[in-house]
Structures are given as C-alpha cells and as structure tokens.
Amino acid sequence: MAAVPLRPCRASGRFLPLLRGGARSRGASPWAAGPGRVAQRRYKKDVLPEPGGAAPAVSVTEIRRYLRAQGIPFQDGYSCLHAPSLFGPELPPAAGPPFTLFIDKTTGSFLCTATLAEGGWQDLQAAVELRHRGVSAPSPEEGEHEEEEAEARRAREDARRIWERALPLGELLDEEETQTTKAAFGIAPLADSTLKRFGVRYLRAAKALVFPWFAPRDAALRGLKLLVAEQQGDTVSYTEETLPRFDAYRNLFGLPLIGRRDTEVVLTGRELDALALHQATGVPCLALPRGATILPPALLPYLEQFRRVTLWLGDDLRSWEAAKLFARKLNPKRCSLVQPGDLQPRPLEALNRGLNLTKILRAALPAGHKAIVSFRQLREEVFGELANSEQVAGVKWARFPELNKLLKGHRRGELTVFTGPTGSGKTTFISEYALDLCTQGVCTLWGSFEINNIRLAKIMLTQFATRRLEDQLELYDEWADRFEDLPLYFMTFHGQQNIKTVLDTMQHAVYMYDITHVVVDNLQFMMGHEQLSADRLAAQDFIVGAFRKFATDNTCHITLVIHPRKEDDEKELQTASIFGSAKASQEADNVLILQDRKLTTGPGKRYLQVSKNRFDGDVGVFPLEFSKASLTFSSYGKSKAKLKKVKEEKAPSPKKGPNGGVGGSGKP
C-alpha cells in the first residue's frame, strides 16, 4: 500500500461534514449530539491559558531536604522522586509504604497515582502539615473549581454515550464493511484481535474510530479520542477530536495493558502507530495524547517504571526535534530515538510497507550525548538534514508566503530581532506572524510587557477569525472555542520586569508546555530593573546574550522586539538603527524591519524588510497591506505581494518601482 502520511487537525467539533448543519447546544459533545448535529463546547471566557503563574522557586535539593526533615521516605527516580501517598489511609509499618506519590524534580508538582490527587509544591507542603496534625488530606476533587468539575462530568457523560453507541470492528454487519473501514483508515494489516486488545471501537454514524481513555486506578472511562480518515488520492489524512478537550485530555493510550514488571516501552505520536508497533513486535507501546506537540509533565509518573524508553513519534523533522525535547524530560540516559527517514517511516506506514519494525527499533539512537562528539556520531543526523532540506528550513508561514521565499521557514534555536518605528504596528504584525505559526502546531509563549494580555488576545482572536467580532457577537463562542484549542500561552507580566524572572518563567513554560517559540515584546521593558549606575548598553548586551543562550540551550526560537534609536523620520531604518550596540544584530540569526514609508504602489504603505538571514543569506523586502477590519497584514486572500530581493544592509529606495530586478544575496 502507498505511504500514509498523517496530517493532524486540532480543530474541535467542526471538522466532520456529516455532523454539520444542526443547532448547537452549549456544553454537549459534538459526537453525542448524533448524526446531523454539532454541539458546541462551553468556553470559559474568564480563563486564558497561562504558564502556571510564577516560575517555581524550588530545586530538587530543597525537595529532598524537606522530605528528610519531615521523615518522609523517598526514592530517586528518572524524572520524579517516589514517596508514600499522603492522601490514603496509613498502612501498618509491616506492610511497607507503597511509593505511589511522584514529585517532579523540576517543578515540585506532585501526582498520587493511587488517588489521582495532584497539585503544586506548596499544595504538597500543606498536605504534609495536615498529615502531621492528624487531619486527612483533601481528596483530589475538593480542590477543583465547580465549573471545571461540572465540565469534566459532562465530558465523561458524553464519552459514555458515545462509547455505548460504538462497536468493535469485528462486530460490524459483515466482513466487507470491516475491510472497507480498515482500508479507509489505512489499517488493513491490523488484526481484529489487536484492535480488540486495545479496546478500539468504530462509531458508524460518524465514520470514526474510537480510542478509550480508562482511569488507571479503577478502569473507569474518563474520555475518548475520535479519529476520522479522509482519502486524498493515494494518501490518507486524519482529523481528531477528544473528550474532554485537548488541554484536559491526558490519556497514555495503551497504559492498561502495561504490566508492573515491564521495563521497556515505546512512545508513539499516534494511537494507530502504537497498534501497528505492538502487533509487529509485541513490545509494550503507549501513544502520547497530543503526539509530537507536547508531553505533559503530569504523565511522567506513569513512565517512571521503565528503564528504557524509545521515542518513535513520526516521520518528519518536527517529530524528531520533539523526540529530543521530550527525552530531556524523561532523562536522556534511558531514552533512545528512532530517526525519521525513508526506510524508517512512522510505525503504521512501516507495517503497510512490510518493513521490519523490530530492526528499526534496534537501530534507535541514544538520546544522551557528551560534551565532545565525533563526526561518526553526527553522521546520521547530517545525512537526515541533507535528505530533508525542505523540513530543515523550518515551519512555513501560511499567511506570509513572501517571508518563506526569504527566510525559508521558522526554525528552532534561532533568535529573530524585530524592529520598526513607533506606531507602525509592530505588535499587531508580530502577533499575526506568531499566530500563523501557532495555528500550525508551534507551541507559542507570548511575553507582552507593553499591552495587557486581554487586549493582545482580542487582537489575535480578531486576526484568527479575520473579521470584526464586535459586529457579530453571536459568532464569538464558535471562534473562541477554536482559538482556545491553539497551543498558545501568555506570561502574566506587564510593565518593567527583571530579566532573571522572565527567563525563569520561560524555562518553566518550556518544561511544562514544550514551548518552541517565545515572543518578547519588548526588550526595553527588561532594562528598567537593572542598576541605575550600570551602563544601559552593557545591560542590553547582557539581556540579548541571555536570550541568545536560552534559544540555543532549549532549542527554542525567540522573537525579540526592540525599539529603534531616534533617527530622522525621512530616513529608512537599517540594521544599525536598532537601539543599543551592535550586539543585538550580531547575535540575531534574523533581523526583520517593519518600514513605514511610501512605495510607488500607493501612499502610506508599509513593508517588511529582511535585512539579515543567517540560514542562507537571502534578504529582501515585500509590501504589506493592513486591513483594519481584521487587523491583519498578511496577503492571504488578497492580491499577491511583489517580492524584491536586495543586498543586505541596503534598504530599497522609495523612488524605485516594486518590480525591480532581483539583486544578489547578502551574507550574514
């Protein structure tokens, strides 16, 4: 069978043509509504996703010291400390304490797998104090907000209804329907026994596979994931929906089949990959709930028992980069990675092509690395970059195709400096620039020190919907639901902040939410907390260097907004116009300038200039057309913008026409 690439869609409750067209009822599942009806999730308007508030101030040394001082026995694990549960009845000394309480070494947050109690480090300290006083620690549900608890109950009830309507594939009307369904999902080689072992069912009304989420404690149904396949020529694309919503869906698919004595596991990015891999090799397999997008730290306790973890997340460069990022959380010493390639596709495709999956697993590369390596150790990664040059170039912008022609894509580990005149629309442009990437699965953290998060979210929501929602409030919940599903987070800072506090929060967000793009708007707001006697230029150089190091160490792209120095309004901005010394432009991989000048195509037009591009040296300029209704600068849906390449450090003259010839490429 031909290769079957997977194309995820995170859109919630709106991607099935079969289920469109009915009235929407708030709070119900679109799948529970039945054929012809799409129900709408409830949107909590007063909640914006935030990176857990302030960054944690606890170290693993402090955690160990505290547990010893309180007389709590513990064991050292890979990414967690293991201790007896504080939330159940005390056991007699002869029975020995069951180590079901897992404390994250990085954040101090905890999870008790016996009672499902969870919380932060301060919550754990409070529970210890209550225990010493002879008061029972509160149950997990007591700490939940009433609204969240009600939403969780609705999701479980919707999941139960869907689960009861779904049938195992082997119980369909006839063998022909079963084979047709398997062919539609590209799973013809999967045996009915494999699907039954993992509890996979089929919802005929929605033509969707149903993957259950069972609680590890009592095997109760906690949620579902539904998968719909769409045939596109020789390929199959998939769209999915979860109950509860994605940010609350933490199902390690396949966990109930893991035995206590299992010491090895393979993590996949898709449930179908876990099925294919287990059938072909017999090894324990788990599918991550959000694929290569994020590995929630709350799942780490369930992976502590394994001495060896192999990550086989997908068949593209983004999956490979995610696998390396996840290995840091899991402890690289026990992790191996399957590097994507033509002979090492994702497991389901490998099974369809008749490849030896056991051989591919044995060829997995160790995730741990030393400070000094030889080319022999880098050889396979170098070949992978040469063979996948288009993916190496990074994530492509959908709204700014002209930017793809210059920068080629958005790459991890780079520092982009963005500047422009006061009032030219820097924040508005950069929000759409980041939103474009976020809609393609790039986990984004926004640090807006100049405008508050409510105003920023309003701008981004308008750009996302590409319309004025003030005039169509009846559509607000629909677009807000879609916007809420994006992997987008906001720092809660506003105004001047200390650089260390900002970096600590960014580090926390990278660990908790696997952030790969951080937007900082803007640098000047981090200079007010430096000593008044210090040289401001030296302080700025230190901050730029700190962001550069963070981007490299965390394989995270940082977009840094810096105001330009005060210059003659008649002159166009250059790279040298960036405020401060030359360090910002030297450290930057990319320099973008929003020019606010007149082109011959019309008065008052703005355009974007790429004045530095370390990736391949291409620099140039293209016009932007601002839409006040949608607050967008992109050319999406408009006439094609005209790109003009120029030599680096030379801004285009406003007297020249936009159809000038292509110049040479500048070198960074």
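Scroll up a little and you will see the structure.
The structure displayed is predicted, hence computed values, not measured ones.

Participant: Help me get a handle on the overall build of the chain, residues and values and all.
Facilitator: In terms of regular secondary structure, the chain is built from 18 helices and 23 strands. Out of the 668 residues in the chain, the part that is buried amounts to 53%. Counted over contacts in the chain with a minimum sequence separation of 6, partners at least 24 positions apart contribute 66%. For the chain, the exposed area adds up to about 30200 Å²; of that, 52% sits on carbon and sulfur atoms.

Participant: Any details on the packing of helix α16 (residues 499–513) against helix α17 (residues 536–553)? Residues and values, ideally.
Facilitator: Across the interface, α16 lies against α17 with an axial gap of 11 Å and an inter-helix angle of 10 degrees. By the angle between their axes, α16 is roughly parallel relative to α17. Between α16 and α17, the residues in contact are Ile499, Leu503, Met506, Gln507 and Val510 and Phe542, Ile543, Ala546, Phe547 and Phe550, respectively. Residues belonging to the contact of α16 with α17 are distributed by class as follows: nine nonpolar, one polar and no charged.

Participant: Can you lay out the packing of aromatic side chains for me, pointing to particular residues and giving the numbers?
Facilitator: All chains considered together, the criterion is met by 16 aromatic pairs. Judged by centre distance (4.2 Å) and plane angle (25 degrees), the rings of tyrosine 489 and tyrosine 513 are stacked. Of this pair, tyrosine 489 sits in strand β17 (residues 488–490) while tyrosine 513 sits in helix α16, and the two are 24 residues apart along the sequence. In this pair, the class of tyrosine 489 matches that of tyrosine 513, namely buried. Taken together, Trp397, Phe400, Phe418, Phe429, Tyr433, Phe626 and Phe633 form an aromatic cluster joined through their ring pairs. Just above the ring of tryptophan 163 sits the side chain of arginine 201; from NZ or CZ to the centre is 3.9 Å. Here the basic side chain of arginine 411 rests over the ring of phenylalanine 615, its NZ or CZ set 4.0 Å away from the ring centre.

Participant: Account for unusual backbone geometry, naming residues and giving values.
Facilitator: Put simply, leucine 243 and proline 244 share a cis peptide bond, and its omega is 0 degrees. Note that the residue after aspartate 521, namely asparagine 522, is joined by a cis bond; omega there is 5 degrees. One can find asparagine 522 in the loop between β18 (517–521) and α17. Phi at threonine 466 is positive, roughly 50 degrees, even though this residue is not glycine. Its location among the elements puts threonine 466 in the loop between α14 (453–465) and α15 (476–484).

Participant: Before we move on, can you summarise the pattern of salt bridges with the specific residues and values?
Facilitator: This model, assessed by the stated rule, comprises 34 salt bridges. Residue arginine 160 is joined to glutamate 164 by a salt bridge in which the shortest nitrogen-to-oxygen separation is 2.7 Å. In this pair, arginine 160 and glutamate 164 both sit in helix α3 (residues 146–165), four residues apart, roughly one turn of the helix. A relative accessible area of 52% places glutamate 164 in the exposed class. One salt bridge in this structure joins arginine 245 and aspartate 485, with 2.6 Å as the shortest N-O distance. Residue arginine 245 is located in the loop between β9 (235–243) and β10 (264–268), and its partner aspartate 485 is located in the loop between α15 and β17; the two are separated by 240 residues in the primary sequence. For arginine 245, a relative accessible area of 7% corresponds to the buried category. Under the relative-accessibility criterion, aspartate 485 is labelled buried at 6%. A cluster of three or more residues bridged by salt bridges with shared partners is formed by Glu157, Asp158, Arg160, Arg161 and Glu164.

Participant: With reference to specific residues and values, describe the pairing of strand β19 (residues 557–561).
Facilitator: Counting buried positions along β19 yields five of five residues, so the element is predominantly enclosed. Judged by which residues are buried, β19 turns out to be covered on both faces: His557, Thr559 and Val561 on one side and Ile558 and Leu560 on the other are all buried. As paired elements, strand β15 (residues 415–419) and β19 share four bridges and run parallel to each other. Among the inter-strand pairings, leucine 415 is bridged to a residue of β19, identified as isoleucine 558. For β18 and β19, the ladder comprises five bridges, and the chain directions are parallel. When the bridges of β19 are listed, valine 519 appears paired with threonine 559.

Participant: Which residues make up the sheet that holds strand β14 (residues 365–366), and what are the values?
Facilitator: In space, the five strands of this open sheet follow the order β11-β10-β12-β13-β14, with mixed pairing throughout. Strands with a single pairing partner mark the edges of an open sheet, and in this sheet they are β11 (285–287) and β14. Bridge count between β10 and β11: three bridges; the pairing is parallel. Its bridge partner lying in β11, threonine 268 is registered against alanine 287. On the sheet, helix α6 (residues 271–281) packs against β10, β11 and β12 (308–312) and is oriented at approximately 170 degrees with respect to β11. Packing against the sheet, helix α7 (residues 317–330) makes contact with β10, β12, β13 (335–337) and β14, and its axis sits at approximately 175 degrees to β13.

Participant: Talk me through helix α2 (residues 121–132); I want residue IDs and the actual numbers.
Facilitator: Under the 1.5 Å per step criterion, the end-to-end length of α2 is 17 Å for twelve residues, consistent within 8% with the ideal 16 Å. Inspection of α2 places Trp121, Leu124, Ala127, Val128 and Arg131 among the buried residues, and these make up the whole buried set. Buried residues of α2 fall within an arc of 115 degrees about the axis and therefore sit on the same side. Turning to α2, the residues buried within the fold contact α1 (60–69), β3 (101–104), β4 (110–112) and β5 (118–119).

Participant: Requested: an account of the nonpolar core, with residues and values cited.
Facilitator: Ranked by size, the top nonpolar core spans 72 residues in total, and within it Leu311, Leu330, Met506, Ile515, Val518 and Phe547 carry the most contacts. Sort the elements by how many residues they give to this core and α16 lands first, with nine residues. In contact with leucine 330, not counting residues within four places along its chain, are Tyr78, Leu267, Leu295, Leu300, Leu303, Val309, Leu311 and Cys335. Within the second largest apolar cluster, 40 residues are counted, among which are Leu403, Phe418, Tyr433 and Cys438.

Cut-offs and rules
- Residues numbered from 1 in each chain as written.
- Predicted model: local features only at pLDDT ≥ 70, side-chain atom pairs only at ≥ 80, totals over all residues.
- Heavy atoms only, no water.
- Helix = DSSP H or I, 4+ residues; strand = E, 2+ residues; numbered from the N terminus.
- Buried < 20%, exposed > 50% of the residue type's maximum accessible area, 1.4 Å probe, protein only.
- Contact = heavy atoms within 4.5 Å.
- Areas by Shrake-Rupley, 256 points an atom, 1.4 Å probe, with all protein chains shown as cover.
- Axes fitted to C-alpha atoms, helices over the stretch in contact; angles between N-to-C directions.
- Parallel < 35°, antiparallel > 145°, perpendicular 65-115°, else oblique.
- Nonpolar A, V, L, I, M, F, W, Y, C, P; charged D, E, K, R; others polar.
- Phe/Tyr/Trp six-rings, centres within 6.5 Å; stacked < 30°, edge-to-face > 60°.
- Lys NZ or Arg CZ within 6 Å of the ring centre and 35° of its normal.
- Salt bridge = Lys/Arg side-chain N within 4 Å of Asp/Glu carboxyl O.
- Pairing = 2+ DSSP bridges.
- Expected span 1.5 Å × (residues − 1).
- Arc of directions from axis to C-beta.
- Core = buried A, V, L, I, M, F, W, Y, C linked by side-chain atoms within 4.5 Å.

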